[in-house]
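# Chain and residue survey
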Amino acid sequence: MRKWVVSLLSLVLVASLHFASASAAPGVANPGSDAELRSVAQRTWQYFADHTDPHTHLPLDEVRILDSGIKKAEHTSPTNIGMYMLSTVSAHELGFIKREEAVQRMQGTLNTLEKMEKWRGFLYNWYYTKDATLKKDWGQFISSVDNGWYASGLIVIRQAYPELSEEATALLDAMDFADLYNPEVGQLYGGYDVAKGSYTGHTYGMFNTEPRAASYIGIGKGDLPTEHWWKMYRTFPPEWEQQQTPEGHTENYDGVDVYEGHYEYKGIQFVPSWGGSMFETLMPTIVIKEKELGQKGLGLNDKRQAQVQMAFAKEKGYPAWGFSPCAIPDGYTEYGVAEAGTWKDGYKDDGTVTPHASILALDFLPGEVKKNMKVLKELGAYGKYGYYDSVNVKTGEITPAYLALDQGMIMVSITNHLKGSVIRNYFHQDKVGRTPERLLEIEEFSIQD
């Protein structure tokens with residue numbers, strides 16, 4: 001693995017640049033301008049253009065730049081497929097590809113999806129991209145959260161391209177999220193192991209985590225009852241062991257008592273995630289209009305969680321912020337701000353920053369995110385396909401990897417920011433996205449100013 005190490009002097013310089021402004025060079029797009037964001041998006045899209053199998057139309061999970069050359073992970077997941085769908089629509093909306101190409105790409109993906117081995121309409125966790133066969137050596141697991149992202153892609157493309165609606169709808173309707181639901185606790189299972197014939201021993205109990213997108217879709221499809229939305233924990237009850245003892249009160253929604261609790265960090269009140277990572281909180285916002293519809297609930301909290309991450313980086317003296325699971329030189333691991341999560345141990349921090357984490361917050365803290373993107377470039381975390389997956393701001397070591405998941409989050413976040421929430425608009429003009437909107441509108445978290 002090639003390693004880039006930034007000297008201490010360079011890090012100090014970058015930190016100072018973070019708080020200072022400078023004139024852009026003649027002919028160069030101003031940092032943070034729409035032109036600069038488009039440039040980042042175009043490089044990000046090129047990842048999918050170059051690393052999607054031309055026969056199956058499935059995106060590769062990961063590409064790493066090594067001393068010996070490029071190492072490609074030639075398998076894919078339901079989330080990767082969903083991100084490719086959303087990214088293709090984004091590329092068309094930004095003018096990088098013509099509508100005809102976008103439709104052709106999506107038609108190819110749908111043709112493959114129709115033939116892939118499934119469980120009750122749900123995709124397994126891993127497939128080979130070369131022939132779309134099941135990667136059985138990694139198990140036969142059906143993931144609730146991953147299939148939520150696959151479903152989100154189908155919803156958006158059937159709205160963006162009506163000529164694909166029949167095929168996308170057939171695939172979407174084949175999934176019944178009730179098959180992954182535990183009615184006894186009112187929550188989604190983590191998933192189902194087909195080989196073992198058993199569900200996971202856990203359910204997704206925390207509300208402010210990325211599986212809520214699958215929950216929203218399941219309710220929108222009519223597969224899950226509305227009460228499911230209220231059966232997830234905003235925080236655990238105060239008497240339970242958790243990262244902090246929450247403060248709050250109980251509200252009743254649709255006949256269900258909900259403890260509206262919150263934590264506090266550096267004077268910022270917020271509803272925690274599970275581990276304290278950014279994509280738990282913000283990944284659902286690439287399709288769900290939480291900012292617009294949940295102004296006293298999820299939308300307000302999305303901004304607060306981003307502010308907590310900024311405050312954490314400031315306390316640590318880091319020049320950049322954005323903590324979330326990402327690639328590292330020897331694999332992939334989970335990072336976060338432990339204080340922002342419920343889990344008492346929390347996700348770790350060792351100075352590793354991942355660009356997708358802050359870019360997810362573009363519509364919540366645009367100025368701060370654009371400054372952070374500039375600093376990440378100055379740290380060297382930028383290459384042929386846009387932002388590398390991580391940089392350790394303490395050591396200067398960069399992980400020159402690109403992940404379909406993280407590239408997709410970056411691509412869609414920038415597109416929504418530049419094109420007036422266009423991907424969210426497609427999602428919400430669909431009956432599945434529109435039906436549960438009331439759930440976003442009526443809830444008030446206990447974090448009001």
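As shown above, the structure is provided for reference.
Okay, so let's go over this structure. (Residues numbered from 1 in each chain as written. Predicted model: local features only at pLDDT ≥ 70, side-chain atom pairs only at ≥ 80, totals over all residues. Heavy atoms only, no water.)

This next bit is on the sheet that holds strand 21 (residues 398-399). Spatially, the three strands line up as an open sheet ordered 17-20-21, and their pairing is antiparallel. Either end of the sheet is taken by a strand with one partner, and the two such strands are strand 17 (352-353) and strand 21. In terms of strand pairing, strand 17 meets strand 20 (residues 390-392) through two bridges, oriented antiparallel. Within strand 20, the position partnered with Thr352 by the bridge is Asn392. (Pairing = 2+ DSSP bridges. Helix = DSSP H or I, 4+ residues; strand = E, 2+ residues; numbered from the N terminus.)

Moving on to the packing of helix 4 (residues 99-115) against helix 6 (residues 165-173). Packing of helix 4 against helix 6 brings their axes to within 10 Å, and their N-to-C directions diverge by 35°. Crossing of helix 4 against helix 6: the hand is left-handed. Note on element contacts: helix 6 touches helix 4 through Glu167, Ala168 and Leu171, opposite Gln107, Leu110, Asn111, Leu113 and Glu114. Classifying every residue of the contact of helix 4 with helix 6 gives four nonpolar, two polar and two charged. (Axes fitted to C-alpha atoms, helices over the stretch in contact; angles between N-to-C directions. Left-handed = near helix turned anticlockwise from the far one by under 90°. Contact = heavy atoms within 4.5 Å. Nonpolar A, V, L, I, M, F, W, Y, C, P; charged D, E, K, R; others polar.)

Compared with an ideal rise of 1.5 Å per residue, which puts 19 residues at 27 Å, helix 11 (residues 298-316) spans 27 Å between its outermost C-alpha atoms and is within 8% of the ideal. Remark: Gly317 follows helix 11 within two positions and exhibits a positive phi of approximately 80°. (Expected span 1.5 Å × (residues − 1).)

With that settled, consider the pairing of strand 1 (residues 62-66). Extensive coverage of strand 1 is indicated by the burial of five of its five residues. Side-chain alternation along strand 1 places Glu62, Arg64 and Leu66 on one buried face and Val63 and Ile65 on a second face that is also buried. Where strand 1 meets strand 2 (residues 69-73), five bridges bridge the pair, whose relative direction is antiparallel. What sits directly across from Glu62, in strand 2, is Ala73. Once strand 1 ends, the chain turns through two residues before running back antiparallel as strand 2. Here strand 1 runs beside strand 22 (residues 401-403); their pairing, made up of three bridges, is antiparallel. Looking at the pairing, Arg64 lines up with Ala401 of strand 22. (Buried < 20%, exposed > 50% of the residue type's maximum accessible area, 1.4 Å probe, protein only.)

The next thing to look at is the nonpolar core. Within the largest apolar cluster, 131 residues are counted, with the highest numbers of intra-cluster contacts made by Leu113, Tyr150, Leu154, Tyr161 and Trp229. With nine residues, helix 5 (residues 144-160) is the largest single contributor of residues to this core. Among residues more than four places away in sequence, those in contact with Tyr161 are Thr88, Val89, His92, Arg99, Ala102, Val103 and Met106. (Core = buried A, V, L, I, M, F, W, Y, C linked by side-chain atoms within 4.5 Å.)

Structurally, Ser421 is set in the loop between helix 14 (404-418) and helix 15 (422-429). Ignoring any residue separated from it by four or fewer positions in sequence, one finds Ser421 in contact with Glu292, Asp363 and Asn416.

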